[in-house]
Amino acid sequence: MLKGALILCRKDLALLAGRGGGLVQALLLGLLLIFIFSLTRGPGEAVSPQAAAAIFWISSLFCQVLLFTALYALEESDGQRQALLLAPLPGQSVWLGKALAGLTLLGLAQLVFLPASVIFLGQGMSGSIPGGLALILLTDLGLAALGSMLGALAQGGANQAGRNGPAARESLFSILAFPLLLPLLLAGIRTGAALFAPAAGLEDYGDWVRLILACDAVFSGAGLLLFGFIYDSRE
Amino acid sequence: MDALPLLRLGHVAKFYGSRPIFRNVTLELKAGEILHLSGPNGSGKSTLLRVIAGLSRPSAGELELRLKSGARIGYLAHQTALYPQLTAKENLLFWSRFYKVQPSAKKGLEESLNDALRRVGLEKLAQATSGTLSRGQAQRLSLARLLLLEPALLLLDEPDSGLDEKARELMEREIAAAAERGAGVIRVGHGREGVAKARRAELRPGQGLYFYEPAAAPC
């Protein structure tokens, strides 16, 4: 399963990152959000670390929606989904491959969003940098696990409704994703202060870290168990 | 050759809601056998292939596939399953890896890919992105993808659509070669291509399969 997932992930990264696919669009949207929020602060004012973390995660969330709809749309243009389903591999390979590709692309986008947050929102990276980055990665795991499942679900829903356009997929994805991701996002925002707030220690965030880990476990488990049913397009 | 059939369908039916697409389809297909399936539009030929491939559930009846562990099903329909942004060779490389194709010890994977492209006459377009290929070239590349997988069961839905005369001959040759290697082949078509070496059957709307006796087959 892992080998098949890595092969799929490599192909998706080549298509979305290497050939000017959806990554650029997702990056621009995230940067635009950070820039627009930066206009709310007056000259010389700094946004609070908590608010900066919230803006960072909102940008990441919109980026996630675009990335995972783009990742699953790749398999719909000319019957690729059928060919994936006929491969002698468990269906979860597709879920894992898309999750890994989405995680990598989201991480790349955040490498741009993070310095943009520092510059435009007047933040200092004065917190625990390795700890803060580790917490971002942990939150990203949950976003990718759920994103991969919902990307397939939104694509299937859009296909069944006969609307295979990006607007239908992204609307459906957003409706499904936002309520489910709220606890994870809240934890991401609260722990985001570990990166931006001066002298913030990771020990203050124990409960939030446990919430992130729980979300990661639940979303990954749900993906492994349910993906076969979600992506199966048999009438 | 194995005497047991590779595929057996017993009174298989497919309904969309209460509307019957086909019913009472019974057939056996042995390894190395080619079945040419014809029938009028809307008789359910493509749906039957999708049911056999496992892409659609039968509404009634029994479907039994006797494939060895790890054996692959090759399915070629009107869609090519190619990624338009990847080159012809990258497409073949991705699908061969995803389908766990083991290249022979004699030929490496690289040589197997080149060989597949050569067999369908696309060796000069190996580095062309698939999106720039014509409909016929994309169909040939899709056939190369299937042949590379060396499927035990090959399901072809009007594989010659969009192909010129030369490409059709090439496709017939490759289908015959796949059957000689032991693959069971079911091909849907309206024309007379490839009928000579195939068992013929017609899917009649709302009825089952009607098999033509070889001697009775119209010329």
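Residues numbered from 1 in each chain as written. Chains lettered and ligands numbered in written order. Predicted model: local features only at pLDDT ≥ 70, side-chain atom pairs only at ≥ 80, totals over all residues. Heavy atoms only, no water.

What about the confidence of the model for chain A?
Low-pLDDT portions of the prediction should not be read for the details of their coordinates.
Link 1 in the chain: Residues with a pLDDT of 70 or more make up 89% of chain A, whose mean pLDDT is 86.
Link 2 in the chain: Of all helices and strands in chain A, the one with the weakest mean pLDDT is helix 7 (residues 166-196) of chain A (81), whereas helix 5 (residues 92-120) of chain A scores best (94). (pLDDT = per-residue confidence, 0-100. Helix = DSSP H or I, 4+ residues; strand = E, 2+ residues; numbered from the N terminus.)

Points about the sheet that holds strand 8 (residues 199-203) of chain B
All names here are of chain B.
Link 1 in the chain: With mixed pairing, the six strands of this open sheet are ordered in space as 5-6-7-3-8-9. Whereas interior strands pair on both sides, the edge strands pair on one side only; in this sheet they are strand 5 (73-76) and strand 9 (209-211). Geometrically, the sheet is characterised by an average inter-axis angle of 20° between neighbouring strands, direction not taken into account.
Link 2 in the chain: Pairing of strand 5 with strand 6 (residues 153-157) involves four bridges; the strand directions are parallel. (Pairing = 2+ DSSP bridges. Axes fitted to C-alpha atoms, helices over the stretch in contact; angles between N-to-C directions.)

Thoughts on the interface of chain A and chain B
Link 1 in the chain: Each side of the interface is counted separately: chain A has 24 residues, and chain B has 27 residues.
Link 2 in the chain: A combined buried area of about 2600 Å² lies between chain A and chain B, and 58% of that area is made up of carbon and sulfur atoms.
Link 3 in the chain: Between the two partners, chain A and chain B, sit zero salt bridges.
Link 4 in the chain: Inspection of the region where chain A meets chain B yields seven residue pairs in polar contact (both at pLDDT 80 or more).
Link 5 in the chain: For the side of chain A that touches chain B, the secondary structure elements donating two or more residues are helix 1 (2-18) and helix 4 (80-86) of chain A.
Link 6 in the chain: It is helix 1 of chain A that contributes the most residues to the side of chain A that touches chain B, six residues altogether. (Contact = heavy atoms within 4.5 Å. Buried area = accessible area lost by both parts, 1.4 Å probe. Salt bridge = Lys/Arg side-chain N within 4 Å of Asp/Glu carboxyl O. Polar contact = N/O pair within 3.5 Å; in protein donor to acceptor, adjacent residues only side chain to side chain.)

Re the sheet that holds strand 2 (residues 19-29) of chain B
Two pairing modes exist for strands in a sheet, parallel and antiparallel, and in both the strands are linked by backbone hydrogen bonds.
Residue and element names in this part refer to chain B.
Link 1 in the chain: Strand order in this open sheet of three strands is 2-1-4, and the pairing throughout is antiparallel. Each edge of the open sheet carries a strand with a single partner, namely strand 2 and strand 4 (60-65). When strand polarity is set aside, the average angle formed by the axes of neighbouring strands in this sheet is 25°.
Link 2 in the chain: In this sheet, strand 4 lies alongside strand 1 (residues 7-16) in antiparallel orientation, the contact comprising five bridges.

Overview of the side chain of Asp216(A)
Residue and element names in this part refer to chain A.
Link 1 in the chain: Along the polypeptide, Asp 216 turns up in helix 8 (residues 206-231).
Link 2 in the chain: One buried charged residue, Asp 216, remains without a salt bridge, the closest side chain of opposite sign being Arg 210 at 13 Å.
Link 3 in the chain: Among the polar contacts listed, one links the side chain of Asp 216 to the backbone nitrogen of Gly 142, at a separation of 2.9 Å.
Link 4 in the chain: Discounting chain neighbours no more than four positions away, the residues touching Asp 216 are Leu 138, Thr 139, Leu 141, Gly 142 and Leu 184. (Buried < 20%, exposed > 50% of the residue type's maximum accessible area, 1.4 Å probe, protein only. Lys, Arg positive; Asp, Glu negative; His and termini not counted.)

Describing the nonpolar core
Link 1 in the chain: Counting residues in each nonpolar core, the largest one holds 135 residues, and the members touching the most others are Leu84(A), Leu181(A), Trp95(B), Phe98(B), Tyr99(B), Leu155(B) and Ile186(B).
Link 2 in the chain: Of the residues forming this core, the biggest block, 14 residues, is contributed by helix 3 (residues 49-73) of chain A.
Link 3 in the chain: If we ignore the near neighbours within four places in the chain, the residues touching Leu84(A) are Leu8(A), Glu75(A), Val94(A), Tyr231(A), Tyr83(B), Phe94(B), Trp95(B) and Phe98(B).
Link 4 in the chain: In this structure, Leu135(A), Ala194(A), Ala197(A) and Val209(A) belong to the second largest nonpolar core, which totals six residues. (Core = buried A, V, L, I, M, F, W, Y, C linked by side-chain atoms within 4.5 Å.)

Things to note about the pattern of salt bridges
Residue and element names in this part refer to chain A.
Link 1 in the chain: Counting across every chain of the model gives 17 salt bridges over all chains.
Link 2 in the chain: In this structure, Glu 76 and Arg 81 form a salt bridge, with 2.9 Å as the shortest nitrogen-oxygen distance. Each member of the pair, Glu 76 as well as Arg 81, is classed as buried.

Some thoughts on helix 2 (residues 22-38) of chain A
Residues and elements named next belong to chain A.
Link 1 in the chain: For helix 2, spanning 17 residues, the distance from its first C-alpha to its last is 25 Å, which sits close to the expected 24 Å at 1.5 Å a residue.
Link 2 in the chain: Those residues of helix 2 lying buried are Gly 22, Leu 23, Ala 26, Leu 27, Gly 30, Leu 33, Ile 34 and Ser 38. Down the axis of helix 2, the sector holding all buried residues measures 150°, keeping them to one side. For helix 2, the exposed residues lying more than 90 degrees away from the buried face are Gln 25 and Leu 28.
Link 3 in the chain: Tucked into the core, helix 2 has its buried residues touching helix 1, helix 3 and helix 5. (Expected span 1.5 Å × (residues − 1). Arc of directions from axis to C-beta.)

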